[in-house]
Amino acid sequence: MTTASTAVQPRTASHRREVTTMKQKLHRLLRLQSAPRHTTLFNGQLLDQKREDVHLVMYRIGLIR
């Protein structure tokens, strides 16, 4: 059977309603994600500590010599 020989079924009202509902959900989700986020303060001390921890772990497993 080829795609040319298959009949296209008409869209139903429930299908349109389902698509509309999904579009509304996506719009709501995008609006929530684009909300302004709280600003965080830069913590240089924590960054240095994590950097040293990562360096030590990589040295111990042999990735850094």
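Look above for the structure.
As the structure is a computational prediction, the values presented were derived from the model and not from experiment.

J.: Quick question: what am I supposed to make of the overall build of the protein chain here?
T.: In terms of regular secondary structure, the protein chain is built from 2 helices and 0 strands. Looking at the 65 residues of the protein chain, the share that counts as buried comes to 0%. Put simply, the protein chain shows about 7,100 Å² of open surface, and 59% of that area lies on carbon and sulfur atoms.

J.: I would appreciate a short explanation of the environment of Asn 43 in the present structure.
T.: Within the secondary structure, Asn 43 sits in the loop between helix H1 (13-33) and helix H2 (44-60). One polar contact links the side chain of Asn 43 to the main-chain amide nitrogen of Gln 45, over a distance of 3.4 Å. In terms of polar contacts, Asn 43 uses its side chain to reach the backbone amide nitrogen of Leu 46, at 3.1 Å.

Scoring rules and cut-offs
- Residues numbered from 1 in each chain as written.
- Predicted model: local features only at pLDDT ≥ 70, side-chain atom pairs only at ≥ 80, totals over all residues.
- Heavy atoms only, no water.
- Helix = DSSP H or I, 4+ residues; strand = E, 2+ residues; numbered from the N terminus.
- Buried < 20%, exposed > 50% of the residue type's maximum accessible area, 1.4 Å probe, protein only.
- Areas by Shrake-Rupley, 256 points an atom, 1.4 Å probe, with all protein chains shown as cover.
- Polar contact = N/O pair within 3.5 Å; in protein donor to acceptor, adjacent residues only side chain to side chain.

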